[in-house]
Amino acid sequence: MIDQNKNRISKDKYFMKIAMAVSERSTCIKRNVGAVLVKDSHILSTGYNGAPSGLKHCTSKTCVRQNLKSGERPELCRGVHAEINCIIQAAIHGTSIKGDTTLYTTIFPCMTCLKLIINAGIKKIVYIEGYNMENEVKKDLLNESVLIVKPLLLSKL
């Protein structure tokens with residue numbers, strides 16, 4: 001079936017715009033990230049980065065990483081990444097994410113999130129901004145996995 005409405009946005013744009021809106025809930029003072037898990041054109045869960053549920057949010061006074069480079073000393077961060085929060089929310093609600101599932105995320109996942117995404121059986125990642133894309137181990141993981149990776153240009157949003 002061909003969509004006759006030429007003004008209708010693509011599904012990738014639609015779900016990415018939702019991920020961008022979700023990122024506005026982020027409590028991280030350094031970077032706001034949003035993620036949406038989609039299966040069969042239906043949203044399974046959403047997530048944004050920030051402190052664990054029920055705990056104090058980070059502030060400019062409490063963030064020990066605020067003056068560090070991106071990705072430096074991640075073990076000092078109290079935040080949970082958006083992609084992980086997406087997976088956790090699906091698990092809490094008993095929703096299977098294995099199979100033909102797409103993760104829409106505003107920023108490409110870090111190494112830890114990428115490994116969890118692979119193990120969760122997610123099939124595709126659509127993202128706006130790359131992150132640590134020159135990492136050879138990350139490249140190897142992507143090449144060995146069955147993940148489909150698709151950048152979505154901001155100009156197309």
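Residues numbered from 1 in each chain as written. Predicted model: local features only at pLDDT ≥ 70, side-chain atom pairs only at ≥ 80, totals over all residues. Heavy atoms only, no water.

## Examining the packing of helix H3 (residues 111-120) against helix H4 (residues 136-144)
Put simply, the rule reads: Between N-to-C directions, angles cover 0 to 180 degrees, with each direction set by a line fitted to C-alpha atoms, over the stretch in contact for helices. Segments assigned H or I by DSSP are reported as helices when at least four residues long, segments assigned E as strands when at least two residues long, and all are numbered from the N terminus. Angle categories are assigned with fixed cut-offs, so that under 35 degrees is roughly parallel, over 145 is roughly antiparallel, 65 to 115 is roughly perpendicular, and the rest are oblique. Contacts are assigned to residue pairs that have any heavy atoms within 4.5 Å of one another. The residue classification treats Ala, Val, Leu, Ile, Met, Phe, Trp, Tyr, Cys and Pro as nonpolar and Asp, Glu, Lys and Arg as charged. All others, Gly included, are polar.
Two elements in contact, H3 and H4, have axes whose closest approach is 11 Å; the angle formed by their N-to-C orientations is 10 degrees. For the element pair H3 / H4, the angle class is roughly parallel. For the pair formed by H3 and H4, the contact residues are Met-111, Leu-114, Lys-115 and Ile-118 on the first element and Val-137, Lys-138, Leu-141 and Leu-142 on the second. Class assignment for the residues of the contact of H3 with H4 results in six nonpolar, no polar and two charged.

## A short note on the pairing of strand S4 (residues 122-129)
To keep things clear, this is the line we draw: Two strands qualify as a pair provided that DSSP identifies no fewer than 2 bridges between them. Call a crossover right-handed when, viewed with both strands pointing away from you, the route from the first strand across the helix to the second goes clockwise.
Judged from the six bridges that link them, strand S3 (residues 99-107) and S4 form a sheet pairing that is parallel. Bridge pairing in S4 places Thr-102 opposite Lys-124. Following the chain from S3 across H3 to the adjacent parallel S4, one finds a crossover that is right-handed. Here four bridges tie S4 to strand S5 (residues 148-151), and the two strands are oriented parallel to one another. Bridge pairing in S5 links Tyr-127 to Pro-151. Crossover S4 to S5 through H4 is right-handed.

## Describing the packing of helix H2 (residues 82-92) against H3
How we decide: The handedness criterion is simple: a crossing whose near helix is rotated anticlockwise from the far helix by less than a right angle is left-handed, and one whose near helix is rotated clockwise is right-handed.
The interhelical angle for the contact between H2 and H3, taken along N-to-C directions, is 30 degrees, at an axis separation of 9 Å. Between H2 and H3, the interaxial angle falls into the category roughly parallel. In the crossing of H2 with H3, the sense of the turn from one axis to the other is left-handed. When H2 is examined against H3, the residues Glu-83, Ile-84 and Ile-87 are found in contact with a partner set consisting of Cys-113, Leu-116, Ile-117 and Ala-120. Grouping the amino acids of the contact of H2 with H3 by side-chain chemistry returns six nonpolar, no polar and one charged.

## Things to note about the pattern of salt bridges
Worth spelling out the cut-off: Throughout this description, the term salt bridge denotes a Lys or Arg side-chain nitrogen within 4 Å of a carboxyl oxygen of Asp or Glu. Only protein chains enter the accessibility calculation, which uses a 1.4 Å probe; a residue whose area is less than 20% of its type maximum is buried, one above 50% is exposed, and one in between is partly exposed.
A full pass over the atoms with the stated rule returns five salt bridges. The shortest N-O distance in the salt bridge between Lys-150 and Asp-12 comes to 2.3 Å. Remark: Asp-12 occurs in helix H1 (residues 11-23) and Lys-150 occurs in strand S5; sequence separation between them is 138 residues. Assessed through its relative accessible area of 31%, Lys-150 is described here as partly exposed.

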